[in-house]
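Inside the fold
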Amino acid sequence: MHKAAVTEYPVHELIRNRWSPRAFSDRPVEPAVLASLFEAARWAASSFNDQPWAYLVASRDDKENFAKMLGVLVEGNQKWAKDAPVLALSVARKHFHHTGKPNPVAVHDVGAANAQLTAEATSRGLLVHQMAGFSHEKARLAFGIPEGWDPVSAIAIGYPGDPQILPEDFRKSELAPRTRKPIREFVMSGSWGHTAPFAAK
Ligand SMILES: Cc1cc2nc3c(=O)[nH]c(=O)nc-3n(C[C@H](O)[C@H](O)[C@H](O)COP(=O)(O)O)c2cc1C
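Please read these numbers as outputs of a predicted model, since none were measured by experiment. (Residues numbered from 1 in each chain as written. Predicted model: local features only at pLDDT ≥ 70, side-chain atom pairs only at ≥ 80, totals over all residues. Heavy atoms only, no water.)

1. Here's the deal with the packing of helix α3 (residues 63–72) against helix α6 (residues 136–143)
Heads up, the condition is: For helices, the fitted axis covers only the stretch in contact; all axes are lines through C-alpha atoms, and the angles between them, taken along N-to-C directions, range from 0 to 180 degrees. Note on conventions: DSSP H or I runs of at least 4 residues are helices, E runs of at least 2 residues are strands, and numbering of each starts at the N terminus. Convention used here: angles under 35 degrees read as roughly parallel, angles over 145 as roughly antiparallel, angles from 65 to 115 as roughly perpendicular, and any remaining angle as oblique. The contact criterion used is simple: two residues touch if any of their non-hydrogen atoms lie within 4.5 Å. Only Asp, Glu, Lys and Arg are considered charged, only Ala, Val, Leu, Ile, Met, Phe, Trp, Tyr, Cys and Pro nonpolar, and every remaining residue, Gly among them, polar.
Taken N-terminus to C-terminus, the directions of α3 and α6 make an angle of 160°; their axes are 8 Å apart at the nearest point. Relative to α6, α3 is oriented roughly antiparallel. Of the residues in α6, those touching α3 at N65, K68, M69, G71 and V72 are K138, A139, A142 and F143. Partitioning the contact of α3 with α6 into residue classes produces five nonpolar, two polar and two charged.

2. Section: the site of the ligand
Selection rule: A cutoff of 4 Å decides nearness: a residue is near a molecule or strand if any of its heavy atoms lies inside that distance of it. Pairs of N or O atoms are called polar contacts if they sit within 3.5 Å, as long as, within protein, a hydrogen donor faces a hydrogen acceptor (for residues adjacent in sequence, only side-chain-to-side-chain pairs). Methods summary: accessible areas were calculated by the Shrake-Rupley approach with a probe of 1.4 Å, and residue burial reflects only the protein chains presented.
By nearness alone, 13 residues border the ligand, and S20, R22, H129, A132 and R178 come closest of all. R18 places a polar side-chain atom, nitrogen or oxygen, 2.9 Å from an oxygen atom of the ligand. Residue A132 places a main-chain N or O atom 2.8 Å away from a nitrogen atom belonging to the ligand. Protein contacts shield 60% of the accessible area of the ligand, which totals 620 Å² for the unbound molecule. Secondary-structure elements contributing two or more residues to the shell around the ligand are α4 (75–81) and β3 (127–131).

3. Re the pattern of salt bridges
To keep things clear, this is the line we draw: Salt bridges are identified by distance alone: a Lys or Arg side-chain nitrogen within 4 Å of an Asp or Glu carboxyl oxygen. Three labels apply to residues, based on accessible area from a 1.4 Å probe with only protein chains included: buried if under 20% of the type maximum, exposed if over 50%, partly exposed otherwise in between.
Under the definition given, this model contains eight salt bridges. Between D83 and K82 there is a salt bridge; the shortest N-O distance is 2.9 Å. The exposure class of K82 is partly exposed, given its relative accessible area of 40%.

4. A closer look at the packing of helix α2 (residues 31–42) against helix α5 (residues 106–123)
Using the following cut-off: In this scheme, a crossing is called left-handed if the near helix is turned counterclockwise away from the far one by less than a right angle; it is called right-handed if the turn is clockwise.
Interhelical geometry of α2 versus α5 gives an angle of 140° and a closest axis separation of 7 Å. Classified by the angle their axes make, α2 and α5 are oblique. As for how α2 packs across α5, the hand of that crossing is right-handed. Each of S36, L37, F38, A40 and A41 in α2 lies in contact with α5, whose residues at this interface are A113, Q116, L117, E120 and A121. Grouping the constituent residues of the contact of α2 with α5 by class yields seven nonpolar, two polar and one charged.

5. Focus: the sheet that holds strand β1 (residues 53–59)
Stated precisely, the cut-off is as follows: Each pair of strands is called paired provided DSSP finds at least two bridges between the two strands.
Judged by pairing direction, the sheet is antiparallel, and its four strands sit side by side in the order β1-β2-β4-β3 without closing on themselves. Each end of this open sheet is capped by a strand with a single partner; those strands are β1 and β3. Adjacent strand axes in the sheet meet at a mean angle of 25°, parallel and antiparallel pairs treated alike. As paired elements, strand β2 (residues 86–93) and strand β4 (residues 149–158) share eight bridges and run antiparallel to each other. Within β4, the position partnered with R93 by the bridge is W149. Each of β1 and β2 is contacted by α3, which is oriented at about 120° to β1, the strand it contacts most.

Purely geometric stuff here, so don't read any function into it on its own.
What follows is the structure, given as structure tokens:
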């Protein structure tokens, strides 16, 4: 299924075609494709090139690892993420490598890496659904995440599936139109609250 964004202004098809599904196909994600997704994450920009990201990854065929990852998610996410072929967890290092000082943009930079992973995935016909709905404590324990690193988001990755496989409530939101606030509401210039002229449509 495709749910391309209905945009106010033209954007690249990778941006239009990215969305967060809950229905994934059974088709496994080839290891070489997975490697390319994390290669894309690797080349994200980061403050001081600190690259404060790490990922834990579990494919569904690796039953034990996948069950561990699924167990970290909140119940509402487990219901659909159990059928994703790949689950992952992005993790941020909280202090700069070179100084040991707190990195105030670590989570931002992990988000940028996740966005690049997602763009690469979209270009290959895959879809990505990130989740904040997971237990940080369970993740830390399950995977031995060390002090100084914090989980950021769980990530489901796979090829698009049939919404009919979903329970009723999820199917409804899977089929609902995607919505966004208009850019005039968040793009300003001069002073806070003043819409930038180019965004005023
Ligand atoms: C960091 C982050 C956390 C999210 N957490 C969840 C989640 O726990 N469960 C869920 O079903 N969707 C989650 N989402 C998906 C958002 O609900 C979704 O991106 C948003 O509704 C916009 O829809 P779209 O991605 O299809 O454009 C999350 C997305 C992001 C980026």
